[in-house]
Amino acid sequence: MSQQDSQPDDQELQTQVQSLVLESIGEVCGRYGHDFNNLLGAIRGSVDLLRHRLGPDPKYERQLKIIESALAKGLNITTSMRSYVRAKAGAQELFDLTIIVSKVQELVQQSSPEIEFITKFPAEPVLIYADAHTISQMLLALMVNAVEALQGQTEKNIVLLID
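First, a word on what this report is: a plain description of the structure on this page. The shown structure was predicted, so the numbers you read here are calculated from the model rather than taken from an experiment.

## Thoughts on the layout of surface pockets
Piece 1. Volume-wise, the second largest pocket comes out at about 190 Å³.
Piece 2. Breaking the lining of the second largest pocket down by element, the ones donating at least two residues are α1 (3-54) and α3 (97-111).
Piece 3. Tallying contributions element by element places α3 first for the lining of the second largest pocket, with five residues.
Piece 4. A per-class count over the lining of the second largest pocket returns five nonpolar, three polar and two charged.

## A look at empty space enclosed by the protein
Piece 1. Under the defined criterion, the tally for this structure stands at one cavity of 30 Å³ or more.
Piece 2. Quantified by volume, the largest cavity comes out at close to 40 Å³.
Piece 3. The wall of the largest cavity is formed by N38, V104, L107, S136, Q137 and L140.
Piece 4. Contributions of two or more residues to the lining of the largest cavity are made by α3 and α4 (132-149).
Piece 5. Here the lining of the largest cavity is built from residues that sort into three nonpolar, three polar and no charged.

## Considerations on α3
Piece 1. Across its 15 residues, α3 extends 22 Å between first and last C-alpha, which sits within 8% of the 21 Å expected from 1.5 Å per residue.
Piece 2. The set of residues buried in α3 consists of L97, T98, I100, V101, V104, Q105, L107 and V108.

## Side note on the packing of α3 against α4
A pair of packed helices is captured by two measures, namely the crossing angle of their axes and the spacing between those axes.
Piece 1. Their axes nearest at 9 Å, the elements α3 and α4 cross at an angle of 45 degrees. One way to sum up the angle between α3 and α4 is to call them oblique. In this structure, α3 crosses over α4, and the sense of that crossing is right-handed. Residues L97, I100, V101, V104, Q105 and V108 of α3 pack against A132, I135, S136, L139, L140, M143 and V147 of α4.
Piece 2. Its residues assigned to classes, the contact of α3 with α4 comprises eleven nonpolar, two polar and no charged.

## Here's the deal with the pairing of strand β4 (residues 157-161)
Piece 1. Taking every second residue as pointing to the same face, the buried face of β4 carries I158 and L160, while none of N157, V159 and L161 on the other face is buried.
Piece 2. In terms of strand pairing, strand β2 (residues 116-120) meets β4 through five bridges, oriented parallel. Each bridged residue has a counterpart across the sheet, and for E116 the counterpart in β4 is N157.

## Comments concerning the pattern of salt bridges
Piece 1. Summed over the entire model, instances satisfying the criterion amount to six salt bridges.
Piece 2. Between R53 and E114 there is a salt bridge whose closest N-O contact spans 2.3 Å. Highlighted residues: R53 in helix α1 and E114 in the loop between α3 and β2, separated in sequence by 61 residues.
Piece 3. Of the residues examined, E114 reaches a relative accessible area of 33% and is grouped as partly exposed.
Piece 4. Shared partners join several salt bridges into a network, and the residues in it are R44, D48, R51, E61, K65 and E68.

The rules behind the values
Residues numbered from 1 in each chain as written. Predicted model: local features only at pLDDT ≥ 70, side-chain atom pairs only at ≥ 80, totals over all residues. Heavy atoms only, no water. 1 Å grid on protein atoms, 1.4 Å probe; cavity = no way out; pocket = protein on both sides within 12 Å on 5 of 7 lines; lining within 4 Å. Points joined across faces, edges and corners; volume = space filled by probe spheres on them. Helix = DSSP H or I, 4+ residues; strand = E, 2+ residues; numbered from the N terminus. Nonpolar A, V, L, I, M, F, W, Y, C, P; charged D, E, K, R; others polar. Expected span 1.5 Å × (residues − 1). Buried < 20%, exposed > 50% of the residue type's maximum accessible area, 1.4 Å probe, protein only. Axes fitted to C-alpha atoms, helices over the stretch in contact; angles between N-to-C directions. Parallel < 35°, antiparallel > 145°, perpendicular 65-115°, else oblique. Left-handed = near helix turned anticlockwise from the far one by under 90°. Contact = heavy atoms within 4.5 Å. Pairing = 2+ DSSP bridges. Salt bridge = Lys/Arg side-chain N within 4 Å of Asp/Glu carboxyl O.

Laid out in structure tokens, this is it:
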């Protein structure tokens, strides 16, 4: 066998290895990018609540701006990671909405322990085909807004109903 005959095999093997490496990178980006983005969302919600509770207080403004700057950098990283995965696999997936709602509720609950969340979900899974990241972000924004709306109220209940 000549060296020329083995070259296509070497090139094919190299292409397969590169493909496996890119696939692995995509899996890591998808797995950790989503989780990291959820954590950043909880931090963002906490910063928003702090700003609301503290009002315009120059004593804390510098620290809050540092946190917001770090959040922006983290969100850019996760956006890049998720864009890579979306370009590779597509943004939509089938998932149970009740699991996403529960995870977001837990994140918001950690930063707002004075709020009582009342959940009413069906016993069976509520499967939807959508972009789980987008749904998580929308739910987080809605829950943070609901928490802010309850400031100064005597009853602090948020009902999460999936029917």
